[in-house]
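Listed here are the chains, written in short residue letters.
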Number of protein chains: 2
Amino acid sequence: MTDFSPELQKRMSAAIATLSMDAVEQANSGHPGMPMGMADVATTLFTRFLKFDASAPNWPDRDRFVLSAGHGSMLIYSLSYLNGYQGMTIDDLKNFRQLGSKTAGHPEYGHVPGVETTTGPLGQGFGNAVGMAIAEAHCRARYGEDICNHFTYTIAGDGCLMEGISQEALSLAGHLKLNKLIVLWDDNNITIDGAVSLADSTDQLKRFEASGWDVTRVDGHDMEAVAKAIEAAQKSDTPSLIACKTVIGKGANKKAGTKSAHGAPLGAEEIAFARTSLDWTHEPFDVPSDVLDAWRQTGQKGAAARGEWDARMAKSDKAAEYKKALSGDVKEDLRNAISQYISGLIADPKKVATRKASEMALEVINEAIPFTLGGSADLTGSNNTKTSQTVALTAEDPTGRYIHYGIREHGMAAMMNGMALHGGVIPYSGGFLIFSDYCRPSLRLAALMGIRVIHVLTHDSIGLGEDGPTHQPVEHMSALRAIPNFYMFRPCDVVETAECWEVALNMTDKPSGIALTRQNLTQLRTEMAEGNPCEKGGYILSGGKKRDVTLIASGSEVELAMEAKTELEKDGVTAAVVSVPCLDLFMDQDDAYIADVLGDGPRVVAEAGIQQSWDRIIYTAGKGKGAFVGMTGFGASGKGEELFEHFGITSAAIAAKAKELLS
Amino acid sequence: MTDFSPELQKRMSAAIATLSMDAVEQANSGHPGMPMGMADVATTLFTRFLKFDASAPNWPDRDRFVLSAGHGSMLIYSLSYLNGYQGMTIDDLKNFRQLGSKTAGHPEYGHVPGVETTTGPLGQGFGNAVGMAIAEAHCRARYGEDICNHFTYTIAGDGCLMEGISQEALSLAGHLKLNKLIVLWDDNNITIDGAVSLADSTDQLKRFEASGWDVTRVDGHDMEAVAKAIEAAQKSDTPSLIACKTVIGKGANKKAGTKSAHGAPLGAEEIAFARTSLDWTHEPFDVPSDVLDAWRQTGQKGAAARGEWDARMAKSDKAAEYKKALSGDVKEDLRNAISQYISGLIADPKKVATRKASEMALEVINEAIPFTLGGSADLTGSNNTKTSQTVALTAEDPTGRYIHYGIREHGMAAMMNGMALHGGVIPYSGGFLIFSDYCRPSLRLAALMGIRVIHVLTHDSIGLGEDGPTHQPVEHMSALRAIPNFYMFRPCDVVETAECWEVALNMTDKPSGIALTRQNLTQLRTEMAEGNPCEKGGYILSGGKKRDVTLIASGSEVELAMEAKTELEKDGVTAAVVSVPCLDLFMDQDDAYIADVLGDGPRVVAEAGIQQSWDRIIYTAGKGKGAFVGMTGFGASGKGEELFEHFGITSAAIAAKAKELLS
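Residues numbered from 1 in each chain as written. Chains lettered and ligands numbered in written order. Predicted model: local features only at pLDDT ≥ 70, side-chain atom pairs only at ≥ 80, totals over all residues. Heavy atoms only, no water.

Looking now at a negative patch on the surface. A contiguous patch of negative charge, built from Glu145, Asp146, Asp317 and Glu321 of chain A, is present on the exposed surface. Structurally, the position occupied by Glu321 of chain A is in helix H13 (residues 319–327). (Patch = residues over 30% accessible without salt bridge, like charges linked within 9 Å, V, L, I, M, F, W, Y side chains within 5 Å. Areas by Shrake-Rupley, 256 points an atom, 1.4 Å probe, with all protein chains shown as cover. Salt bridge = Lys/Arg side-chain N within 4 Å of Asp/Glu carboxyl O. Lys, Arg positive; Asp, Glu negative; His and termini not counted. Charge placed at Lys NZ, Arg CZ, Asp CG, Glu CD. Helix = DSSP H or I, 4+ residues; strand = E, 2+ residues; numbered from the N terminus.)

Annotation from UniProt places "domain: Transketolase-like pyrimidine-binding" (unreviewed entry) at residues 352–523 of chain A. A distance of 8 Å separates the end C-alpha atoms of residues 352–523 of chain A, which is 36% helix and 19% strand. (UniProt positions renumbered as here; feature names shortened; annotations may be inferred.)

Here we come to the interface of chain A and chain B. At the junction of the two partners, chain A supplies 96 residues and chain B supplies 96 residues. Buried area between chain A and chain B, both sides added, is near 7,900 Å², and the carbon and sulfur share of it is 55%. Across the contact surface, chain A and chain B share 11 salt bridges. Put simply, Arg444 of chain A and Glu475 of chain B hold a salt bridge, and the shortest N to O gap is 2.7 Å. Across the contact surface, chain A and chain B share 55 residue pairs in polar contact (both at pLDDT 80 or more). A breakdown of the residues in the side of chain A that touches chain B according to their chemical character gives 33 nonpolar, 39 polar and 24 charged. (Contact = heavy atoms within 4.5 Å. Buried area = accessible area lost by both parts, 1.4 Å probe. Polar contact = N/O pair within 3.5 Å; in protein donor to acceptor, adjacent residues only side chain to side chain. Nonpolar A, V, L, I, M, F, W, Y, C, P; charged D, E, K, R; others polar.)

Okay, the relation of the copies chain A and chain B next. One copy of the chain maps onto the second through a rotation about an axis and a displacement along it. When chain A is brought onto chain B, the operation consists of a screw motion whose angular component is 180° and whose axial shift is 0.0 Å, with 0.0 Å RMSD remaining. Read as a symmetry element, the transformation amounts to a two-fold axis. Proximity to the rotation axis, assessed at the C-alpha, singles out Gly164 of chain A in chain A; its C-alpha lies 1.9 Å from the axis. In this assembly the copies share their binding face: 100% of the residues contributing to the interface of chain A also contribute to that of chain B. (Least-squares fit on C-alpha atoms with pLDDT ≥ 70 in both.)

The backbone of Asn485 of chain A shows a phi angle near 70°, a positive value even though the residue is not glycine. As for its position among the elements, Asn485 of chain A is in the loop between helix H19 (476–481) and strand S13 (487–489). Residue Asn485 of chain A is classed as partly exposed on the basis of its relative accessible area of 27%. We note that Lys177 of chain B has phi near 50°; this positive angle belongs to a residue other than glycine. (Buried < 20%, exposed > 50% of the residue type's maximum accessible area, 1.4 Å probe, protein only.)

On to the sheet that holds strand S17 (residues 549–553) of chain B, then. Residue and element names in this part refer to chain B. Here five strands make up an open sheet; going across it, the order is S16-S18-S17-S19-S20 and the pairing mixed. The sheet is open, and its two edges are formed by strand S16 (539–542) and strand S20 (626–629), each paired on a single side. Neighbour-to-neighbour, the strand axes of the sheet open up by a mean angle of 30°, direction not taken into account. The sheet contact formed by S17 and strand S19 (residues 603–606) spans four bridges and is parallel. Bridge pairing in S19 links Thr550 to Arg603. (Pairing = 2+ DSSP bridges. Axes fitted to C-alpha atoms, helices over the stretch in contact; angles between N-to-C directions.)

To continue, consider the UniProt feature "active site" (unreviewed entry) in chain A. UniProt records the feature "active site" (unreviewed entry) for Glu409 of chain A in the present numbering. Secondary-structure assignment places Glu409 of chain A in helix H17 (residues 409–422).

Pasting the structure below:
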């Protein structure tokens, strides 16, 4: 229900449409068509359904609204301003897309209140929304629907639906019967190249139905029809797709309904026409007070619901637990648990694959931190991401702390981003390192947003053996280190694995990946350290600061470096071994620390991958002398240990390079 | 029809199943379940339908068979051996998955005859098959169905169908009505984690139907039923999905129909049981002569069809044209056309964006090489990949040389791999550089296979401007250079753009990407060069070998380096500018050439991306002095030129760094 007359609602919608077209025109850049086409739908959603309070944008039980079609950013910016979110002014809209403005080309998480996630790369917001709905269902089941109970809405475009990631996300959403997920598809028949029919003739309703969704199609400009469809969707016991037939650039003249309205300013003539057809007599960026008042009322209407939620929280015996989960705070609980666990390992060393070591660490972590939410893209037994605390999260019982993501790496990563953004859970995944390629767009967005998602990436080198070069990562460590703000760990033994997990969990503003072996590795850390040496990314594992040569390695090659050190010592060469479980973190340290650890002599770096990300360390070695032991091309199919020999990644090779540098 | 009795057919199938389980057992590694489950389907396909001649594995008009579920590699290896392909022996099967053997863990293109593409990463083969079917439809329409007319079959698993890439590929396949594409889905209800129902409840038939496919479901162990379904599919005027209900690991005892049969040796007990239940009394790797004879007959049965094709080729007036296209030979035609085009540019220089320069070059190329097949992932007007010669390839008229791929980057890249493998076309794409992340798994496979696909990747830096950091590549040049055998070009002006296109087209065994600007760039190459300087990846663009400092750059930053050189000269500093349109190729050159070009003095490298892939050049600079001007993190939303200022990527910054190094 709404208190606003149909006429007022249409003017509220026109405010979105005109602000959008005017801001794009002023910026001389942007996408006017989508906000104009979806203004009616958005007005209906926000005025009648969306549970939110603009004065408390982070209220945990707000409905989530995700603009998956992120190029239509002026829609969400207009809404943020109109609803009266603090910090959003008309000047922000006037500065759309300008350097230093919060109103970036595509909506960015943390810049504008009301923007729940960074979108733009198509399909990502759709995946995020599914993840938010999973987190909501999980928290609702765990903590009670009195304190967690909200919808997740997303506006998706044709592009979102064409991207493969949408299939991965929608099929899991259907399987998990995420009934509080409602997708509003901007069914406008237009993409950048022209009519959708240039490239697709899919019956999208049938496609969603095939994965168990409720589907319907409405005239997206008929607000009552849209409202009825949303009402029905709210009552559905499955996720819902509402195809909203809209006209892109609605209100414009020749450009309405065409690709010309999509991604460029409309121009003065079309804008004048649109003003007339939308019956909008106001100057650009001038919103008449009755319309603005109505919107501001909309922005405040959730205050009562929020108050009731506060009251319920005060009464709930799960409130403390839920609050702790929402805070995401793990630091102290983790330190105690991990440090106790490591002292056990020091007393009783273990030679295990680091993927197994990760499972052992997770057993401790999942006990200490009850709000982790694990999973794997159908490699549970290989990734070792399921522990005794985690049963499967299912449609029937969403309290489970483990998600069988299916063979859907990309969807998994996007959903995890949504979960982290929703809060109440810390998502971690399982996959092969090679398949990080499948989810790279979502990893990048996690890095851009600065959110804590942790990807367990096992089978991290040719050490995986017989599966061969299609499954052997070679360039992946370098390629993932290349993503700004994404942190790649590659621990060398059972102790470092636990420490890396701790560091990753403590980095609340950074996504990370943990590369883990299939093959067993000797425990090299046999003495209790003070604190967590992995926090600095790299440290001297063995040897003194005075040395002839420094051997630097990560993961499985640290053991080889240790053996090489012993071999060198026999020949009277003093070596230090530097373990670098996280090169990204190591390079974040100050110059003095780095210089101290690396020494001023020759350096040999060993990693069973390509050299690229190590070049800086190799070529800045003292006396200009650095060398690398690793891969120069793709791997091969064969037994892991034979492959290390075959590709010359051995302790003997490391020792030989060291001697060569010293000669 | 088949001449083999039902009993013999079952034994032919059992030969596949037992060879597969025995080879996995011997290797103590591999996936027995899928070949055992699909042996009946494969036997039916190969004995009754597949048009091929084992003595001529590259016969252009053979039916294509793609094992998208590549982990079931023993299926295709068994078939290759049984059908009598030259070079495949029983010893190759015995050496399954061993170092140096051609029978790698997953099927690799070029290793085993009959393997049409490298598969393993799920969904890729499915995408390849769609691409092959597109190439076939295109060539059939262009050159006549007398000389091109064959089916493309693929076996896909549940994993292939869950991966998002399958949605991208199937929806385009349906849209283009690829009626000669037939997908045999190994509908065994099992994935690695267990039952498919753990993670999915999609009605796959309905999903495919939604995109215009013919669908049916059969008992995959009923050869007559399978045969009838394939017959019907061959007659369909749309692509066809045949869901083959199978039992994974069929024949085994407790493991049959369970995840235990998927990815590990069955063990002696289960194998003994399977021998009995398959009525197979022979020793491992022993195929009785009647079964082997029947298979060898199968391998030869296409000889007649091939003879008839030869006869039709001899008569066709399109044969010469088709042969030329199949040869893929472009070198001479290209040299003449490009060199003539460049002399025009020298006479009349052009300041254009390199994306526009690429369009101008393509105009020349598409005229000179009539078998290029372009396209874009819905960014035609931005990528500038459509030229006057290329009209859209549609279901109604597949002769078009331009594909509207839709918003499907990953599917596009996988389909292009399939087209290149099919032959008769040289595929090139269009997309934004940022979205190379979406198709990275397919780019990697192209590199592993060593095939010629060319990706036009526009909007290659912060220069794209207001679309902001979600769309601004920063780490992508480094991350793509990291892929072995993948060649990234980034030309600096209109001349280099044409030259890079020429080099990319001439590299028949390498995939490549061409990074192009949105913004205009001055033509820096104003004199006619001998040959193509871009062939060596980098060269001295301006200045002599004697110099105080070397300024090294790619793409849009070369212009800045040229300006910096002028600024430095005013202060009496001699600089040379090195343009590096392809760092990968440059590093392939011999040390002497590289040293000659880079000089022995200080170096400043400029690229509007991260530093990683340049570290080697920076830190090996003479006197240890190198510096970088580029990005250290994500971009921002704003006007392109303002962003270059904001992030300090300017000629002044380059000149300042140079002076700093010299001081």
